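Commentary on secondary and tertiary structure
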Protein chains: 2
Amino acid sequence: MKTYNVAILGATGAVGREMMKILEERDFPVGELKLLASARSVGKLLPFKGREIAVEEAKHDSFAGMDFVLGASSNAVAKDMAPYIVEAGAVFIDNSSAFRMDPQVPLVVPEINAEDVKNHHGIIANPNCTTIITTTAVNALNSLSPITAMIASTYQAASGAGANGPVELMAEVEAGLKGEIYEPKVFVKQLAYNVIPDIGSASDHDYTTEELKLLNEGRKIMHLPEMKVTCTCVRVPVVRSHSVSVTVQTKDKITVEQAREVISKAPGCRLVDNLAAHEYPIPLETSDQDLVYVGRIREDMVLDNALAIWCCGDQIRKGAATNAVQIAECLIG
Amino acid sequence: MKTYNVAILGATGAVGREMMKILEERDFPVGELKLLASARSVGKLLPFKGREIAVEEAKHDSFAGMDFVLGASSNAVAKDMAPYIVEAGAVFIDNSSAFRMDPQVPLVVPEINAEDVKNHHGIIANPNCTTIITTTAVNALNSLSPITAMIASTYQAASGAGANGPVELMAEVEAGLKGEIYEPKVFVKQLAYNVIPDIGSASDHDYTTEELKLLNEGRKIMHLPEMKVTCTCVRVPVVRSHSVSVTVQTKDKITVEQAREVISKAPGCRLVDNLAAHEYPIPLETSDQDLVYVGRIREDMVLDNALAIWCCGDQIRKGAATNAVQIAECLIG
């Protein structure tokens with residue numbers, strides 16, 4: 001059986017560690033696995049398929065012989081390393097936002113636009129976590145009638161900020177029980193018992209960078225260059241799984257029943273939609289899995305041809321690590 | 001100075017206790033204060049203006065000599081007591097949802113429709129907490145151009161479910177730290193580290209009762225019978241203060257600058273809107289006060305003539321107790 005040499009760039013972070021887990025779980029045909037991180041993590045041992053692999057320092061010459069480099073680093077590291085990865089002949093599947101809007105770089109959610117991987121020139125970008133979850137949830141509607149607009153408000157988990165996000169949330173909770181104050185470092189405000197409408201940084205038109213991703217990346221992934229999107233991104237004191245409340249408008253009317261039918265069969269989705277029985281997606285029941293859960297589907301009362309929808313998904317798995325490994329699977333499939 | 005005899009129906013709950021605090025804080029000219037609750041709270045002593053008042057059992061004949069009855073009870077108790085309150089000649093300012101949509105009953109947010117109190121026939125209804133906060137936040141826009149539609153997603157605090165809501169949230173947090181599971185009783189699912197898109201009960205068109213309140217009550221308060229509203233109500237693990245992400249469409253265009261200008265001067269509102277400086281409303285900074293905080297104002301990217309807005313307010317105070325006392329002030333003013 002053919003195997004592929006894989007490097008993980010940023011292996012010690014929340015997404016990097018999850019990538020190792022996913023490669024193992026999905027039995028990806030890994031030959032050599034190289035774990036790359038900054039100098040301070042060198043020698044750290046991380047488990048993979050019953051053995052332990054030592055972290056190496058990521059350098060420009062780290063990529064010889066690799067088939068795939070799964071990127072889980074900062075934008076700066078991704079930009080610095082990308083030319084060397086491509087030169088070494090590996091395909092760089094990058095989870096940073098550095099290359100997502102580059103017209104030369106496919107931006108792929110395999111359930112939606114797997115065929116776009118073919119157009120790569122050495123780099124394929126993994127979309128933003130909220131964008132992956134929301135587009136996976138609503139893509140089946142797009143197959144019935146083109147999506148023209150989305151208005152979304154998000155409920156994003158602490159782990160979306162990396163492995164230190166949940167650590168800080170729990171430190172705040174424990175400090176609070178002792179009557180102490182924990183000074184936040186990862187988030188701009190205390191997250192425990194709070195919600196913070198400020199993810200990313202201030203960008204155009206008083207939106208945050210995070211809020212503009214669903215617009216820009218959503219258009220590119222779904223091949224809907226005219227789609228309009230308003231997004232409000234809010235951090236909530238949840239450990240894992242992002243949730244999104246989204247109104248989705250389509251060119252032609254899709255009934256609630258039609259929406260439930262297509263979403264129940266959509267790849268990557270699970271329909272959980274029975275309000276009277278208290279069945280709908282919630283973060284605690286959608287974590288540590290790859291499916292995007294979709295529910296609370298009902299007619300929007302403001303817009304014509306629109307549905308109000310609620311979805312949840314594990315942003316470290318489907319929203320990042322799983323999606324990246326799925327892209328690699330598309331390339332070898 | 002003229003004084004008024006006041007009874008609080010449901011005095012031992014979260015809203016009832018806050019009503020006592022607000023009457024004292026605002027120096028409402030209270031003559032006799034009568035605390036009414038169910039039989040099991042009889043004799044309980046609650047503090048008011050440096051003394052303690054014993055709780056009495058709420059009965060049909062409890063209201064003789066009262067000028068105002070502030071209702072903080074269930075719908076069932078409110079419906080049962082209302083005829084006796086009116087017969088006793090008191091004005092019933094009721095926080096339950098029992099009478100809100102009754103055409104004979106004014107539904108009042110004093111900053112918006114204070115003049116409606118004049119039309120009462122013995123009962124005035126206090127609106128739903130989320131509705132009070134959202135309408136107070138956006139009402140200034142309505143003075144520039146009529147609001148035609150709102151699409152809202154809420155982030156509602158545990159105390160919106162009453163005094164036991166935060167108790168359950170904290171019990172879940174403490175159980176979690178010990179590795180134990182706390183079986184939820186107040187909420188339908190665990191609230192700690194979770195969000196729950198299910199407040200109220202299942203109602204028409206797959207919306208919850210809570211979600212339809214912003215539509216029905218919002219129309220009545222703002223005198224906008226044609227206003228369209230889509231609302232998704234979500235419980236979040238916050239102790240106090242509800243937050244709302246809302247797109248507000250108006251008949252004519254209102255610029256972001258115009259919106260900031262009128263909201264900064266609107267009664268009951270405080271504008272906190274500087275994203276780059278991380279200044280925006282958050283629950284932790286808006287609790288235990290009466291103002292509704294408004295920020296993150298920007299042009300909606302989907303709808304014409306629409307703004308995306310974020311607001312937070314203390315739902316026990318402005319969203320319930322303070323608003324009820326303000327209604328009483330309108331009547332004596």
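Source: prediction; values computed, not measured.

**Considerations on the overall build of chain A**
Secondary structure summary: chain A contains nine helices and 14 strands in total. Here the C-alpha atoms of chain A give a radius of gyration of 20 Å, agreeing with the 20 Å that 2.2 N^0.38 yields for 333 residues. Among the 333 residues that make up chain A, the fraction classed as buried is 57%.

**Things to note about the sheet that holds strand β8 (residues 123-125) of chain B**
Residue and element names in this part refer to chain B. Across the sheet, six strands lie side by side as β5-β2-β1-β6-β7-β8; this open sheet has parallel pairing. Two strands bound the open sheet, and with one partner strand each, they are β5 (56-57) and β8. Relative to strand β7 (residues 91-94), strand β6 (residues 68-71) runs parallel, the two sharing four bridges. Its bridge partner lying in β7, Leu70 is registered against Ile93. Lying on the sheet, helix α1 (residues 14-25) is in contact with β1 (4-9), β2 (30-37) and β6; it crosses β1 at an angle near 155°. Of the strands in this sheet, β1, β6, β7 and β8 are in contact with helix α9 (residues 317-332), which crosses β7 at around 150°.

**Considering the sheet that holds strand β10 (residues 228-232) of chain A**
All names here are of chain A. Spatially, six strands are ordered β10-β9-β11-β14-β13-β12 in an open sheet, and the strand pairing comes out mixed. Single-partner strands in this sheet number two, and they are β10 and β12 (269-271). Taking each pair of neighbouring strands and ignoring which way they run, the sheet shows an average axis angle of 25°. Relative to strand β14 (residues 306-313), strand β13 (residues 292-299) runs antiparallel, the two sharing five bridges. Bridge pairing in β14 links Tyr293 to Cys312.

**Re the nonpolar core**
The nonpolar side chains of soluble globular proteins are, as a tendency, buried together. Formed by 222 residues in total, the largest nonpolar core has its most connected members in Ile8(A), Met19(A), Ile309(A), Ile8(B), Met19(B) and Ile309(B). Among all residues touching Ile8(B), those that are not within four sequence positions of it are Gly16(B), Met19(B), Met20(B), Leu35(B), Leu36(B), Leu70(B) and Ala72(B).

**Some words on unusual backbone geometry**
All names here are of chain A. Of note in this structure, Asp288 is not a glycine but carries a positive phi near 60°. For Asp288, the location among the structural elements is in the loop between α8 (283-286) and β13. Classification of Asp288 as exposed rests on a count of 11 C-beta atoms within 10 Å.

**Side note on the interface of chain A and chain B**
At the junction of the two partners, chain A supplies 50 residues and chain B supplies 50 residues. Of all the secondary structure elements, the ones that give two or more residues to the side of chain A that touches chain B are β9 (147-155), α5 (164-177), β10, β11 (242-250), α8, β13 and β14 of chain A. In terms of residue class, the side of chain A that touches chain B is made up of 30 nonpolar, eleven polar and nine charged.

**Overview of the domain arrangement of chain A**
All names here are of chain A. Assigned domains of chain A: these are domain 1 (4-127 + 320-332) and domain 2 (131-315). For domain 1 and domain 2, the distance between their C-alpha centroids amounts to 25 Å. Its residues placed into classes, the side of domain 1 that touches domain 2 shows seven nonpolar, four polar and two charged.

**Structural notes on the environment of Trp310(A)**
Mapping Trp310(A) onto the fold places it in strand β14. Here the alpha-carbon distance between Trp310(A) and Ile123(A), two residues 187 residues apart in the chain, equals 32 Å. Discounting residues that sit within four places of it in the chain, Trp310(A) has contacts with Ser243(A), Ser245(A), Tyr280(A), Pro281(A), Gly295(A), Arg296(A), Pro197(B) and Thr232(B).

**Let's talk about helix α1 (residues 14-25) of chain A**
All names here are of chain A. Here α1 is twelve residues long and its end C-alpha atoms lie 16 Å apart, about the 16 Å a rise of 1.5 Å per residue gives. Buried residues dominate α1, accounting for nine of its twelve residues. Where α1 is concerned, the buried positions are Ala14, Val15, Gly16, Arg17, Glu18, Met19, Met20, Ile22 and Leu23. Buried residues along α1 sit against β1 (4-9), β2 (30-37), β3 (45-48), β6 (68-71) and α9 (317-332). Count one or two residues on from α1 and you reach Asp27, which has phi positive near 55°.

**Brief notes about the relation of the copies chain A and chain B**
It takes a turn of 180° to lay chain A on chain B, together with a shift of 0.0 Å along the axis; the resulting RMSD is 0.0 Å. Accordingly, the operation relating the two chain copies is best matched by a two-fold axis. Counting the interface residues of chain A, we find that 100% of their copies in chain B are interface residues as well, pointing to one common contact surface.

**What about the packing of helix α4 (residues 129-144) of chain B against helix α7 (residues 256-265) of chain B?**
Residue and element names in this part refer to chain B. Here α4 crosses α7 at 115°, and the two axes come no closer than 9 Å. Crossing hand, α4 versus α7: right-handed. Between α4, through Ala140, Leu141, Ser143 and Leu144, and α7, the contact on the second element is made entirely by Gln258, Ala259, Val262 and Ile263. Of the residues in the contact of α4 with α7, the class split is six nonpolar, two polar and no charged.

**Some points on the packing of α4(B) against helix α6 (residues 209-222) of chain B**
Residue and element names in this part refer to chain B. Axis separation between α4 and α6 bottoms out at 10 Å; the angle between their running directions is 50°. The orientation of α4 with respect to α6, classified from their angle, is oblique. The way α4 lies across α6 gives a crossing that is right-handed. Residues Thr130, Thr131, Thr134, Thr135, Asn139 and Asn142 of α4 form the contact with α6, whose own contacting residues are Lys213, Leu214, Glu217, Gly218, Ile221 and Met222.

**Details of the pairing of β7(B)**
All names here are of chain B. Residues of β7 alternate between two faces, with Val91 and Ile93 on one and Phe92 and Asp94 on the opposite face, all of them buried. Relative to β8, β7 is paired through three bridges, and the arrangement is parallel. Within β8, the residue paired with Asp94 across the bridge is Ala125.

**Considering the pairing of β10(A)**
All names here are of chain A. Burial analysis of β10 places four of its five residues in the buried class, the great majority of the element. Pairing between β9 and β10: five bridges, direction parallel. Residue Ala152 lies in a different strand from β10, and its bridge partner there is Cys231.

**Thoughts on the confidence of the model for chain A**
Counting all residues, the mean pLDDT for chain A is 97, and 100% of those residues have values of 70 or more. On the interface metric, ipTM, the complex scores 0.96, and its pTM is 0.97.

**Comments concerning α6(B)**
Every α-helix carries 3.6 residues per turn, so stepping three or four residues along brings you back to the same face. Residue and element names in this part refer to chain B. Compared with the 20 Å implied by 1.5 Å per residue over 14 residues, the 20 Å span of α6 between its first and last C-alpha is a close match. Next to the buried residues of α6 lie α3 (110-113), α4, β9 (147-155) and β10 (228-232). Just beyond α6, the residue with positive phi is His223, at close to 55°.

Rules of the game
Numbering of residues starts from 1 in every chain and runs along the sequence as written. Chains and ligands are labelled by the order in which they are written, letters from A for the one and numbers from 1 for the other. Only residues with pLDDT of 70 or above have their local features reported here, since the model is predicted, and side-chain atom pairs are shown and tallied only from 80 upward, although totals for entire chains, interfaces and linings are computed over all residues. In this text, helices come from DSSP runs of H or I with a minimum length of four residues, and strands from runs of E with a minimum of two, each type numbered from the N-terminal end. Here the radius of gyration uses the C-alpha set of atoms, whereas the globule reference equals 2.2 Å times the residue count to the power 0.38. Here a residue counts as buried when 20 or more other C-beta atoms fall within 10 Å of its C-beta, as exposed when 12 or fewer do, and as partly exposed in between; the C-beta atoms come from the backbone. What makes two strands pair is DSSP finding at least two bridges between them. Two residues qualify as being in contact provided that their C-beta atoms, derived from the backbone, are within 7 Å of each other. Angles run from 0 to 180 degrees between N-to-C directions of axes, and those axes are lines fitted to C-alpha atoms, restricted for helices to the stretch in contact. Think of a nonpolar core as buried Ala, Val, Leu, Ile, Met, Phe, Trp, Tyr and Cys residues, each tied to the set through C-beta atoms within 7 Å. Under this grouping Gly is polar, as are all residues other than the nonpolar Ala, Val, Leu, Ile, Met, Phe, Trp, Tyr, Cys and Pro and the charged Asp, Glu, Lys and Arg. What fixes the domain bounds is an automatic or database domain assignment. The span expected for a helix works out to 1.5 Å for each residue beyond the first. Superposition of the copies was done by least squares, using only C-alpha atoms of residues whose pLDDT is at least 70 in both. The crossing is said to be left-handed when, going from far helix to near helix, the turn is anticlockwise and less than a right angle, and right-handed when the turn is clockwise. Working rule for angles: under 35 degrees goes down as roughly parallel, over 145 as roughly antiparallel, 65 to 115 as roughly perpendicular, anything else as oblique. Confidence of the predictor at the level of single residues is captured by pLDDT, which takes values from 0 to 100.

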